[in-house]
Structures are given as C-alpha cells and as structure tokens.
Amino acid sequence: MQMPEFIKQELGVQNKSRVAKIMLILLPALQTSVVTLVNNGYQDIVFAINPSLQYNDKLIESIQEMVTEASDYLYQATKYQLYFSDVKILLPASWTLNLSLVQSRTHESYEKADVIIAESYLKHGDAPYTLQYGGCGEMGRYIHFTPKFILDDKMTLVYGPKGRVLVHEWARFRWGVFNEHNDLIPFYKSSNRTSEATRCSLSIRGMTAECKGSLCSSCTIDNSTGLPNKECQFFPEKNQMSSSSIMYLQGLPNVDKFCDNTTHNPEAPNMQNKMCNYKSTWDVISKSEDFQNISSPHNGSVKPNFTLLQAKNRVLCLVLDVSGSMSSSNRIDRLRQAAEIFLQQIAETGSQTGIVTFSSSASIQTHLKMIISDITREDLVKLLPATANGGTSICAGIRSGFEVLRGDDNATKGDEIILLTDGVDGQISSCFQEVEESGSVIHTIALGPSAAKELEELSAMTGGLQFAATDNLDTSGLIDSFTGLISQNGDSSQQTIQLENSGTNIGNNTWLNGTVIIDKSIGNDTTFVVIWEAQTPDVFVYDPNGKIYNNSDFKINQTVHTARLEINGTAQTGPWIYSILNLGGDQVITVTVTSRAADANIPPIKVIVHISRKDSTSPMIIYVEVSHGFLPVLYANVSAIIERPSGLPVGLQLSDDGLGADIVRNDGIYTKYFLSLNERGRYSVKVRVQGSEGTTRITFTTEGQAMPIPGYAENGNIEVIPQQPLVNKTDLDGISGDFNRVQAGGTISVPSGTSTIDFPPCKITDLQATIVNNKIVLEWSAPGGDYDQGSASRYEMRMSENLLQLRDYFSKASMVNLTGMHPQPYGSREVVRITPENQYMQDGTTIYFAVRVYDESNQSSEVSNIARVSFFVPIVEPIVEPIIKPNDDYTPQKAWIAAVVIGIVCLVVGPIICIVYCIVPKKVSVEA
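Residues numbered from 1 in each chain as written. Predicted model: local features only at pLDDT ≥ 70, side-chain atom pairs only at ≥ 80, totals over all residues. Heavy atoms only, no water.

### Things to note about the overall build of the protein
Within the protein one finds 16 helices and 50 strands. Taking all 928 residues of the protein together, 57% fall into the buried category. (Helix = DSSP H or I, 4+ residues; strand = E, 2+ residues; numbered from the N terminus. Buried < 20%, exposed > 50% of the residue type's maximum accessible area, 1.4 Å probe, protein only.)

The following block contains the structure:
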C-alpha cells in the first residue's frame, strides 16, 4: 500500500529543527525493564518461559541453579558489590502447578521480561545472546536462552558454566557493554608490529592453529596482510594467569573480572571498542547509574530469593469516557468503531472482558464475559456507548473498572484496564494510591488535544501501554491505539497482526484502491473492516485466485457505519486487492485489515516499536524491530508517520544501515532520529513495514552472541571443542516473500515551556581506511548538519600512530588537510585519498585516522570511530637456482658468470623494492 501523498511530501522536507528545551514524557508501546537495585541487590528480575514450552519442573530448577551460580560470580566480578537478590520466574498459564507454590503476576509479562526462555526458530542455534537497540551504556531489550541451553549440561563444555554466561549477558543487558571478540576480524596488526588475536586482555595467552576436526596444524600467513589466514583460530591456554576478561571469554577457568584501564586492549577491533569509544568494560560499568547508587561493598549473603509467578488468561475491562465533550468531532462514533475492532479482532478467545462507561459518575455496562464465540463478541459490541453527556470523573471510571475485574477471583492483580478519555479531571490524582495498590495494569488512550495530562502517570505507575489519537480522521489513530493493545503473554499464535489501517478522504463517485499481502506466516482469522462517515460505499475485495467479495458478503452495521468481511479458514497467500467506490459526497473511508498466525508452531513476522530519548536536550530515536521468530528481517521498507498535535503528519524513512541513530547494520532494527518536537501536546507514532520478494530476506547473525570456547591449548597440544553446526542458509530461502505490517508505536507528550535547541551533526561511525596503489583511501558516510538531517559545514580529520592520542587528544594529532572539501548531504559517500610520507610506509607501521564534523554554528559532532591501516611489505622470494656450489669445480670464470646472473636477478627484483620504498613523495597530498 502506497504512503499517502501528503506524507511523501513531508519526507522531502529537510528543515533544520529547532526543538524546545523541555521535559518529555516518553510513552513507548514497548515497555522496558523494571529491575531495581536495593542494598546492592538486584530485585524484580523477571525470567519468562514462553507459553509454547511444555511443563518441565527441571527447567525451573535449572534456572534457579544458574541464577544462584551467577549471583556469586557477579559478586566477584563487581568487586564484591552487586548480586542478584530477588528473581521472579513467570510460568505459562497452561502449566498445571500446585497453587501453593505460585503467586499471581501483577505487572510482569512475557513481552516485558528481562530474560526469556524460548525455542530458537528454525533451530538456528542455542547460543545465548542479548538484543541491544541502543549504544554504549544503554540497557538492552532482553536476554534470550533456549531450553536446551538451560537443561543440557553439554552446553557448559561449549560456553562455560551457565552462571558465568548469565553474567556475561547481564553486563550487556544492564550496563550496555559489548563483546570483546570479533568473528569477522579474528586477528589484527598491533602497534608494536605483531599479529594479535582480537581479545581483551592481551595477557590471555594461547596458540594459533588451523584445525579440521581434531587434527591441527600451524597457521599459514596471508601474503596480502601478513595476518593468519581465515581458517586460523586462536586457542587460549587452559590455565591462564590472567583473570580478565568476562566479555571476551567467560568460560575460561581463571577469568572472573572485566577488563579495566590497566588490562584493557584498546587496539582490538571489537564491538566494545567501536561502540564505547575504546573504553574498557569496567570503565563503562563502574560509571553506570547502578554504581552511583551504592556506597560500600556488600558483606551479607548473595543467594537469590525466587518467586514463581503464573500468567493467566487475559482479564480486562474497557473504561470509556462518555462525557459531553465526546459528542464533538464524532468522537463517540469513532470510539464505537475502534472498540468494536478491538472486541471482534484483538481480544483473545478465552479472555474475559467487561465494559464501564463514565462521565460525572460511572456505570457498569457489563461484568466480565468470557469470549468463547462470535456471539459473545457481538453481545459485547452491542453494549458500547452511543451517546455522550455530563462531566468527567476518571477515578469513578477506574474504581468501577476494579469492581468489574474482581468478578473472576475477587482480585485485580495482573488484570488490565483500557482507559479512554478526551477530558480533563482535576481530581484524577485522588485515586493514584488505589491504582498502585491494585496490582492491575492500566493502558491509556488520550483522545483529542485536551485529554488529561496525568494519563501518562497512570500507565507509567502500572506498566501499561500509552497511546493518543487526534481528531484527524485521515490517520485513523484511534483504531491504531486499540489494535496496539494485544496480549503480552508471548503467544504469537493468538496475537493479532495488523496489515493495514489507513483513512483517506474520497470524493464523490471516486474509487479507493489498495493491496494487502497475506504472507506465509499469517492467514487465520483474516478480517477486512471498512468504515465511512455518511454514505455506505460499494466495496469489492479480490483474493489471489480472483474470487470477488462484495457488499453482500460483508456484515454491514449502518448504525456505526462499518462493514466487516471475515475470511473463512486460512486466507490464501498472496496479494488481496480492495476497491471501494464512494457513492456519496466527500467523506473519509478507513480500511483496516488484521490476521493471525497460520500455524501455531511458526511465528509470524512481527514488528515492535520502541521510542527512546535520554533527556530533554537530546533527539528522540524511533526503533523498529522486524523479526521472524528471533531471526532479523533485512532490507524491508520501514517508515514512521508521526501525528502531531496540529498540522499534517510527518513521515520518516527508517534505516538499518548502521548510520546516524542506527547502531548496528543489518540486525533487523530500523532506526531514525526525530527532531521536530516544537509544539506542545502529544505526538503519536505509527509504523508501516513492507517486504518484497527477492529483496527482503531473513537471516541469522552471531553478533551479540556469547563466544563459544573453541578449545584449549595445554602443554603445546590443542584440544578442540566441537561446536554446534552452523545454520544452513538455504533453510531461510523463500521464508519471507512479500509482506506488509502496520503497527502503533506509542506517544510522546511535550508540555509547555520551550526554548531553542540547535542539534550538532551526528557522529560518523563507518570511517574505513584501506591501501590502494600505495595510497590510503578513507571512506565514510556524510552526517547531517542537525544529526541526520541536511548537510554539515566542514570536516576535521586527524591522524596518529597512537590510537589513544586520537581518542583523548584529538586536536593535538596531525592534521590531514581537507581544505576545499565540502560535506555532502546526509548519507552520501565521502572518499579521500592520501599519499603518506615515507616514514609511514615502513613494514608493520599502523596509522590511525578519525574525523570530527562541524555545522554552520561551529557545533561539533563526537569524534568518529577510529580507522586503522597497517603497512605490510610482502617478502619477495625470487625462484633462482643456486649459482655457486661448494665443490672442487669452482673457478674465477664461474664466479664471473654467477655475478652476471645475480645482476640480472637484481634488475628484476630491484624495481619491486623501489616501488615500495623509493617512489613515494616526501609530503602528504590529499585527493578528495
């Protein structure tokens, strides 16, 4: 489906952003960890078991053993300061357990867990890993372990003790550090002109060898680099004198520390150095907020306490505003249309739902009803409000909602309220304490520009989702809000996938055409819903085989102006085309299409949106994770539409290229800065994702995984540890094909009180240096003048033979003259060629380069990543037969002949040496 024309126009605008200096309340659709640190102990850590896993008491026991071991290891690694104090294990609702052993969950859910236990999709491996969206020092999304990793003792041989692996992953998740190995660059040339394995610290000793199975031989050297070839591996010694580092190889017996400033190896080309500006892991960890909140070492027990929680089928209550203001802008009808879609298509079978309406007081429309059939859904729809009048008492609605929620077990813990209001209520804070004590989760939807600003607090204190919608019908934001309220129990087979939701103003006797893709991962419960303002249109839907559905196939409700088409069975894979003829005057017609997984054992392609902002002077970042199971989906077309408090929406194209706001290239996380927060009110984010056969593909990556132990060196011998087989990439062929998704992303609230912010250029993160024909070629992607928008003003490039000089004393390093080079627009490829002086061309010399960027007001970016180039002069070994042999036939004549031959050889070899050492100019010259 094409993006509306006005959004396309917005994408072309490259205005410099001047953003208010304000305090933002971020309202992401994706909630983050709620782990707290109390008296040096981490509390409220949530391990969640995927509902697809069968009951296994050994799994629970093994999790507890792993965490107990990890707590002691963490205590040592943090210099006797931190440990795991309180851990909650969230069990699936389907598991049959002794009720005396488990408690009901409150705000905990699978989707918000810190550690998830789930099978890998397509059996792509059991390597533990942490999903990280942000940069250095920023918390990750979650840690993932497979059941096999937890249960199979053989995993200890591959990765080391499981408690150590958990600490390795916890460091990434909690403190935002990164791995210190690099599978893609296993060896590098150090500044002392030796070949080194990529590791931290350098005091980790070992042997290099090429091994096939258990047979190993000496490494061969690549003549073009002077480094061991790609088949070579580094095998650490089994008995190490060094105790660091955990982020390199946690499985080594003596390793129990993180690299600090005395042991860190800043030259290693690994993610820790790249992402954290060549700082040690301990430097990053010790400066984290956790360490600012502790004052002394912990001297008590470090044994964790465990609590078993069990999920239950969803229990929720719609608490809907019917005050007088809801009669304006057609809000009450739009509420009924959007809530109907929720009840008919989003609420899961087996869930229990009630409805409360409120104005000056509240009224229970229905107590809990279990959704077991379409009849139940239709009965609930009939109870949605149709009129509006009176004042606004949000607390009255919430209290009545609690009364409804107690209908199943006389408690509200873990139950949900969906609260929608468009009004202001000066007494809303009067029920905050009740809300906190309820243990319920409150999701809020703010409708219109005047909805109570305290709604954000209600959701924040209960771990709920937050959405907002304006009165702009073209964006269909209210429907997006309701369709974003899927269950967070982790059961992807029951979660509704939204394929389309768009509103378009159509003239009289005009057609609205569009295409929706039913991909291989979905097809069950597929529903088309068409909504209009006044006149019923003619609607036609064509399936991939050409079958036509028209108005007679739809369930038409003239009261709420909706037409619903439910496809029986599993919908045919391929393009579904809709054509809608508007028979009345100008009106907005909205099309919404949803579906569910086609197979309970195959997860659908999923989209998760996360919004992040460090503080009121930083740009907002939109993250969109596109995945199939745990596999990233690459090369999709991902765009975000930001609905502003007034004016037209703004469109952004997100990228997964490792530039600007994007941290890692090709990890399935698409990212973009949003700078234009220059108006008071709420900003809503909506994301569209499109995949194309032949372009979009599903892949797997080892980035982010804990390093398996390749084997050990001991007494000059190498013991190889068998590794898990690699995924066959052909298993991933043809999985994705064409697909499309639409996902609500949450809300940003901007209060009043503004001042101007001029953002600097973003940091260059892809600076590369190579040697081509005796010249150093430097390449990078141009940053913008304001982060990733527009063009910068000038570059400052410097070089040094000392990496840390560039990092710590950039301005004192040697300048590379780039006068006359004008930065191109953001994302353009910049190329510079340098001819260095002879002193740099010696065999084994390494030169480092970095760049800083300035805008028109002379604001500078951070110093770029540091690129390196190492000079290596291959040894020339001409093949010449011996001229003189030590025997009795030696004569002066033969010596003369030998001299002539040697002279001829020198004429051949000499020019090669001259090319390397002699013809290089004495001064540096630059070509842009």
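Moving on, there is more to tell.
### A closer look at the pairing of strand β29 (residues 562-566)
With four of its five residues buried, β29 lies for the most part within the structure. Here strand β28 (residues 555-557) runs beside β29; their pairing, made up of three bridges, is antiparallel. Paired with K555 across the strands is R564, a residue of β29. Two successive antiparallel strands, β28 and β29, enclose a turn made up of four residues, where H561 displays a positive phi of approximately 60 degrees. (Pairing = 2+ DSSP bridges.)

### Thoughts on the state of the cysteines
What the rule picks out here adds up to five disulfides. C136 shares a disulfide with C276; S-S distance 2.1 Å. Since a negative S-S torsion denotes a left-handed disulfide, the C136-C276 link at about 105 degrees is right-handed. Note that C136 is positioned in the loop between β9 (129-131) and β10 (142-145) and C276 in the loop between α6 (271-275) and α7 (281-286), a separation of 140 residues in sequence. With a relative accessible area of 28%, C136 lands in the partly exposed category. Assessed through its relative accessible area of 2%, C276 is described here as buried. Shown here is the disulfide that connects C219 with C232, its sulfur atoms set 1.8 Å apart. (Disulfide = S-S within 2.5 Å.)

### Description of the packing of aromatic side chains
What the rule picks out here adds up to 22 aromatic pairs. Seen from their ring centres, W175 and F258 are 6.2 Å apart, and the 85 degrees between their planes marks the pair as edge-to-face. Of this pair, W175 sits in helix α5 (residues 162-175) while F258 sits in the loop between β15 (232-236) and α6, placing them 83 residues apart in sequence. On the basis of relative accessible area, F258 is assigned to the buried category, the value being 5%. A centroid spacing of 6.2 Å and a plane angle of 20 degrees characterise the contact between Y549 and W576, whose relative ring orientation is stacked. Taken as a pair, Y549 in strand β27 (residues 548-549) and W576 in strand β30 (residues 574-582) lie far apart in primary sequence, 27 residues in all. For the residue pair Y549 and W576, the accessibility class agrees, reading buried in each case. Here a set of aromatic residues connected by ring pairs shows up, and it is made of Y42, F84, W170 and F173. One cation-aromatic arrangement involves R199 over F234; the distance from NZ or CZ to the ring centre is 5.0 Å. Sitting over the face of the ring of F810, R798 holds its NZ or CZ atom 5.9 Å from the ring centroid. (Phe/Tyr/Trp six-rings, centres within 6.5 Å; stacked < 30°, edge-to-face > 60°. Lys NZ or Arg CZ within 6 Å of the ring centre and 35° of its normal.)

### Remarks on the pairing of strand β26 (residues 538-542)
For a regular strand, side chains alternate in direction, first toward one face of the sheet and then toward the other. Side chains V539 and V541 of β26 all project onto a buried face; the interleaved residues D538, F540 and Y542 project onto a face where none is buried. Linking β26 to β27, which pair antiparallel, is a turn of five residues; within it G546 sits at a positive phi near 95 degrees.

### What about the packing of helix α2 (residues 57-77) against α5?
Put simply, α2 and α5 touch, their axes get as near as 8 Å, and they point 70 degrees apart. If you check the angle between α2 and α5, you find them roughly perpendicular. Between α2 and α5 lies a crossing of right-handed hand. Residue-level inspection shows M66, V67, E69, A70, Y73 and L74 of α2 in contact with α5, the latter providing K162, G163, R164, L166, V167, W170 and W175. Of the residues in the contact of α2 with α5, the class split is nine nonpolar, one polar and three charged. (Axes fitted to C-alpha atoms, helices over the stretch in contact; angles between N-to-C directions. Parallel < 35°, antiparallel > 145°, perpendicular 65-115°, else oblique. Left-handed = near helix turned anticlockwise from the far one by under 90°. Contact = heavy atoms within 4.5 Å. Nonpolar A, V, L, I, M, F, W, Y, C, P; charged D, E, K, R; others polar.)

### A few points about the pattern of salt bridges
Going through the model one piece at a time under the given rule, you end up with 32 salt bridges. Note that D44 is salt-bridged to K88, the shortest N-O span being 3.1 Å. With a gap of 44 residues between them, D44 in the loop between β3 (41-43) and β4 (45-49) and K88 in strand β6 (residues 86-91) connect regions that are remote in the sequence. Given a relative accessible area of 24%, D44 falls into the partly exposed group. Here D788 makes a salt bridge to K672, at a shortest N to O gap of 3.3 Å. Taken together, the residues D788 in the loop between β44 (775-781) and β45 (794-800) and K672 in strand β37 (residues 669-674) connect sequence positions 116 residues apart. Side by side, D788 and K672 carry an identical accessibility label, which is buried. (Salt bridge = Lys/Arg side-chain N within 4 Å of Asp/Glu carboxyl O.)

### Digging into the environment of T559
Residue position: T559 is located in the loop between β28 and β29. Judged by relative accessible area, which is 55%, T559 ranks as exposed. Sequence separation between T559 and D333 is 226 residues; the distance between their C-alpha atoms is 9.0 Å.

### A closer look at helix α11 (residues 394-405)
Here α11 contains 12 residues, and its C-alpha end-to-end distance of 17 Å stays within 8% of the 16 Å for a straight helix at 1.5 Å per residue. Along α11, the residues that are buried comprise I394, C395, A396, G397, I398, S400, G401, F402, V404 and L405. (Expected span 1.5 Å × (residues − 1).)

### A short note on the sheet that holds strand β24 (residues 510-518)
Read from one edge of the open sheet, four strands run β24-β30-β26-β27, paired in antiparallel fashion. Both edges of this open sheet fall to β24 and β27, since each of them pairs with a single strand only.

### Side note on the confidence of the model for the protein
Averaged over every residue, the pLDDT of the protein is 87; the share at 70 or more is 88%. Taken as a whole, residues 1-31 scores under 50 in pLDDT and shows 111 contacts with residues more than four places along the chain or in a different chain. Throughout residues 877-925 the model reports pLDDT below 50, and contacts reaching past four residues in sequence, or to other chains, amount to 36 contacts. (pLDDT = per-residue confidence, 0-100.)

### Quick word on the side chain of Q81
By the secondary structure assignment, Q81 is in the loop between α2 and β5 (83-84). When residues no more than four places from it in sequence are discounted, the contact partners of Q81 are N40, Y75, W282, F291, I294, P297 and H298.

### Side note on the nonpolar core
Counting residues in hydrophobic clusters, the biggest one holds 70 residues, and the most contacted among them are F47, I117, F145, W170, W175 and F258. For this core, the element with the most residues is α2, which contributes nine residues. Grouped together as the second largest cluster of nonpolar side chains are 35 residues, V381, L447, V529 and A744 included. (Core = buried A, V, L, I, M, F, W, Y, C linked by side-chain atoms within 4.5 Å.)

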